[in-house]
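Reading the structure
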Amino acid sequence: MSTTLTDRFGRIHRSLRISIVDKCDLRCTYCMPEDQQFLKRDELMTREEITTIARLFAERYGVNKIRITGGEPLVRPDAVDIVRDLLQLPVKLGLTTNALTLQKHLEGLIDAGLKSINISLDTFDAERFKKIARRDGFDRVWANIRMALDQGLRVKVNMVVMRGVNDDEVLRFVELTCDHPVHVRFIEFMPFAGNHWGRERVYTYGEMLGQIGSVHSFEKLDDDPHSTAKAYRVSDWPGTFAVISTVTDPFCATCDRLRVTAEGKMRNCLFARDETDLLSALRRGEDITPLIEANVRAKHALLGGLPPFKPEKQQEVLHDLSARPMVSIGG
Ligand code: SAM
Ligand code: SF4
């Protein structure tokens, strides 16, 4: 019998992100410190452990959306097998990737039944890509985005917009939705350990809409009740764009997401400071359902208990951040 994962504020959680590896073949400045230490292989959840945990969330708790993430999920040799396993569950499955090696895996992913993919791309300038990602790769990623579209996948492109870094490319990304049926999502730069966040570096939701509106007329689209993105469309264009405004207009009141890190730690919020070790309990043969339920109940009302991301609260926010960089949380 399925029961719901409800927190103390009555929010029901039906969406799960599972990180399958904390390593990455890029080193994006906003996500990963250059000297990041990675987990050892036996610390990662195995393919079977991932399926066991995912099945429990889906079948016992009615979780109906799962997203596989990382680190970079495609650096894990059994990534396609994991996708295939999770596609057997009664969930809508997605994958978030930097697409650097997607050409090697695309056929396998489509064969396994994957229908939609989120690809991160922050710039159309190869030199700028190298600065942001601290590695080369623009040509490969852009070719792979086009390949995924050609193969009929539903493609979302995630762009983290940072003031003075790539805010001058917002229109270029919107114009992608004229040429392709792609869903571009502009993400406000969020604070995580080691990513040199400052409130002044956040190019805001309001500024993005202002910049787009100065050139194109666009319409608001309906959002799913638990969506973190506010969606729009330039009239008659095949694609859409959306903004994820975690910093200036957070959506915690309707958040239904939970997370499991690559080493099997459960987090009830992207900004959580506390986590629950599911994997060790699972390996000891214990029932992990009381751990899962207690973790959900303890969720904070807003931003994992951090102060609002206002300029005057910047020092408090930076002081209270979780020790985990984004790359080891799984966005
Ligand atoms: N490697 C994969 C990728 O890049 O898509 C999956 C993991 S990555 C952590 C997931 C998403 O988090 C990416 O779209 C990335 O752009 C986003 N992200 C990472 N750090 C962020 C930050 N500080 N603010 C906003 N989004 C961030
Ligand atoms: Fe790697 Fe993705 Fe983080 Fe970039 S955003 S460092 S590609 S995990």
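Scroll up to find the structure.
Report on the accompanying structure.

Calculation rules
Residues numbered from 1 in each chain as written. Chains lettered and ligands numbered in written order. Predicted model: local features only at pLDDT ≥ 70, side-chain atom pairs only at ≥ 80, totals over all residues. Heavy atoms only, no water. Buried < 20%, exposed > 50% of the residue type's maximum accessible area, 1.4 Å probe, protein only. Helix = DSSP H or I, 4+ residues; strand = E, 2+ residues; numbered from the N terminus. Contact = heavy atoms within 4.5 Å. Salt bridge = Lys/Arg side-chain N within 4 Å of Asp/Glu carboxyl O. Pairing = 2+ DSSP bridges. 1 Å grid on protein atoms, 1.4 Å probe; cavity = no way out; pocket = protein on both sides within 12 Å on 5 of 7 lines; lining within 4 Å. Points joined across faces, edges and corners; volume = space filled by probe spheres on them. Nonpolar A, V, L, I, M, F, W, Y, C, P; charged D, E, K, R; others polar. Core = buried A, V, L, I, M, F, W, Y, C linked by side-chain atoms within 4.5 Å. Near = heavy atom within 4 Å.

Before going further, it helps to examine helix H2 (residues 79-86). Among the eight residues of H2, six are classified as buried, and the element is accordingly described as predominantly covered. Residues of H2 that are buried include every one of Ala79, Val80, Ile82, Val83, Asp85 and Leu86, and no others. In this fold, the buried residues of H2 make contact with strand E3 (15-19), helix H1 (47-61), strand E4 (65-69), strand E5 (92-97) and helix H3 (102-112).

Let's shift gears to the pattern of salt bridges. Overall, the coordinates contain 21 salt bridges when judged by the stated rule. A salt bridge links lysine 130 to glutamate 127; the nearest nitrogen and oxygen atoms lie 3.6 Å apart. Of this pair, lysine 130 and glutamate 127 both sit in helix H4 (residues 126-133), three residues apart, roughly one helical turn. Among the charged side chains, a network of salt bridges with common partners joins Arg27, Glu34, Arg134 and Arg135.

What follows covers the sheet that holds strand E10 (residues 230-234). Strand order in the open sheet made by the twelve strands is E9-E10-E11-E8-E7-E6-E5-E4-E3-E12-E13-E14, with mixed pairing throughout. Both edges of this open sheet fall to strand E9 (218-220) and strand E14 (276-277), since each of them pairs with a single strand only. In this structure, E4 lies alongside E5, joined through four bridges in parallel fashion. By the bridge assignment for E5, isoleucine 68 is matched with leucine 95.

In this structure, the largest pocket occupies an estimated 750 Å³ of space. Taken together, 31 residues form the lining of the largest pocket, with Lys65, Lys92, Lys156, Arg185 and Ser227 sitting closest to its centre. When contributions to the lining of the largest pocket are tallied by element, the ones reaching two or more residues are E3, E4, E5, strand E6 (116-120), strand E7 (154-161), strand E8 (183-188) and strand E11 (240-244). The residue inventory of the lining of the largest pocket, partitioned by class, reads eight nonpolar, ten polar and 13 charged. If you add up the space inside the second largest pocket, you get close to 280 Å³.

In terms of nonpolar packing, the biggest core is built from 113 residues, with Phe57, Ile66, Leu86, Val155 and Phe186 touching the most fellow members. When sequence neighbours within four positions are dropped, the list of residues in contact with leucine 86 reads Ile18, Ile50, Thr51, Ala54, Ile66, Ile68, Val91 and Leu93.

With that out of the way, let us pick up empty space enclosed by the protein. Throughout the structure, instances matching the rule amount to three cavities of 30 Å³ or more. Here the second largest cavity defines a volume of roughly 70 Å³. Lining the second largest cavity, in full, are Leu26, Cys28, Tyr30, Asn98, Ser120, Leu121, Asp122, Thr123, Phe129, Ile132 and Ala133. Tallied by class, residues from the lining of the second largest cavity come to seven nonpolar, three polar and one charged.

Taken together, Cys24, Leu26, Arg27, Cys28, Tyr30, Cys31, Met32, Gly71, Asn98 and Val327 form the complete shell of residues around ligand 2. Here the residues of the shell around ligand 2 are counted per class, giving seven nonpolar, two polar and one charged.

Glancing now at unusual backbone geometry. Among all residues save glycine, negative phi is the norm, and among peptide bonds the norm is trans. Unlike most non-glycine residues, alanine 99 shows phi in positive territory, near 65 degrees. Within the fold, alanine 99 resides in the loop between E5 and H3. Residue classification places alanine 99 among the buried residues on the basis of a relative accessible area of 0%. Of note, histidine 196 is a non-glycine position whose phi angle comes to about 55 degrees, a positive value. Positionally, histidine 196 belongs in the loop between E8 and helix H7 (205-213). Residue classification places histidine 196 among the exposed residues on the basis of a relative accessible area of 62%.

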